[in-house]
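# Observations on the model geometry
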Amino acid sequence: MRSGKLTHTVKVLRPTFTDDGYGNQVPGPVSIVATLRAQLIEESTDEFIRNYGASTERVRIFRTRYIDGITLADQIEHDDTEFNLKQIKEIGRQRGLELRCVSIG
């Protein structure tokens, strides 16, 4: 992976949940796990027909250097937009990661 292609900055966010006193989990503050340089591989918008009607999904695929501990429960922030992680692929033997993300909202 060439460092010259890592032109975008992404933040890996980890949402936290707290107990509200009644046994329910309430979203709490979001912590930043890492700030990474990444290569934007693909950016697309797809429209799907669902039971509730048409919906649009914005998909972005990033390649970045390997970092341990990223899970599908984490989120990615890029250009002030938050994305849910849908797939994490390891490139080589801990050389890099390919992160497939879908926009939130």
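Everything that follows concerns the structure shown earlier in this document.
Residues numbered from 1 in each chain as written. Predicted model: local features only at pLDDT ≥ 70, side-chain atom pairs only at ≥ 80, totals over all residues. Heavy atoms only, no water.

## Brief notes about the pairing of strand 4 (residues 75-78)
The criterion, for reference: Strand pairing is assigned whenever DSSP identifies at least 2 bridges connecting the two strands. Helix and strand assignments come from DSSP, with helices taken as H or I runs of at least 4 residues and strands as E runs of at least 2, each series counted from the N terminus.
Pairing of strand 1 (residues 8-19) with strand 4 involves three bridges; the strand directions are antiparallel. Bridged to Val12 within strand 4 is Ile76. Alignment of strand 4 against strand 5 (residues 81-91), held across four bridges, turns out to be antiparallel. Residue pairing across strands places Gln75 opposite Asn84, the latter belonging to strand 5. With antiparallel pairing between neighbouring strands as the criterion, strand 4 and strand 5 make up a hairpin whose turn holds two residues, including Asp79 at a positive phi of roughly 55 degrees.

## Overview of the pattern of salt bridges
Applicable threshold: Salt bridges, as used here, are contacts in which a Lys or Arg side-chain nitrogen is within 4 Å of a carboxyl oxygen on Asp or Glu. Buried, partly exposed and exposed residues are distinguished by accessible area as a fraction of the type maximum, computed with a 1.4 Å probe on protein chains only: under 20%, between the cut-offs, and over 50%, respectively.
The tally for this structure, following the rule as stated, stands at two salt bridges. Between Asp74 and Arg14 there is a salt bridge whose closest N-O contact spans 2.7 Å. Here Asp74, found in the loop between strand 3 (53-65) and strand 4, pairs with Arg14, found in strand 1; they are 60 residues apart in sequence, far enough to count as distant. Its relative accessible area of 31% is what places Arg14 among the partly exposed residues. For the salt bridge of Glu98 with Arg63, the shortest nitrogen-to-oxygen distance reads 3.1 Å. Placement of Glu98 in strand 6 (residues 96-103) and of Arg63 in strand 3 is noted, with a sequence separation of 35 residues between them. By relative accessible area, Glu98 is classed as buried at 15%.

## Regarding the nonpolar core
Defined as follows: Residue types Ala, Val, Leu, Ile, Met, Phe, Trp, Tyr and Cys, when buried and joined through side-chain atoms within 4.5 Å, form a set referred to as a nonpolar core. Contacts are assigned to residue pairs with any non-hydrogen atoms lying within 4.5 Å of each other.
Membership of the largest hydrophobic core comes to 13 residues, with the highest contact counts inside it found for Val10, Phe62, Ile76, Leu85, Leu99 and Cys101. Contributing elements (two or more residues each) for this core: strand 1, strand 2 (25-50), strand 5 and strand 6. Residues in contact with Cys101, not counting those within four places in the same chain, are Arg58, Val59, Arg60, Phe62, Ile76, Phe83, Asn84 and Leu85.

## A few points about the environment of Asp74
Operational definition: Think of a polar contact as two N or O atoms within 3.5 Å of one another; within protein, one of them needs to be a possible hydrogen donor and the other a possible acceptor, and neighboring residues in sequence only count if both atoms come from side chains.
For Asp74, a relative accessible area of 1% translates into the label buried. In this structure the C-alpha to C-alpha distance between Asp74 and Cys101, which are 27 residues apart in sequence, comes to 10 Å. In contact with Asp74, not counting residues within four places along its chain, are Val12, Leu13, Arg14, Pro15, Gly69 and Leu85. Polar contacts involving the side chain of Asp74 include one to the side chain of Arg14, which spans 2.7 Å. Among the polar contacts made by the side chain of Asp74, one reaches the main-chain amide nitrogen of Thr71 at a distance of 3.1 Å.

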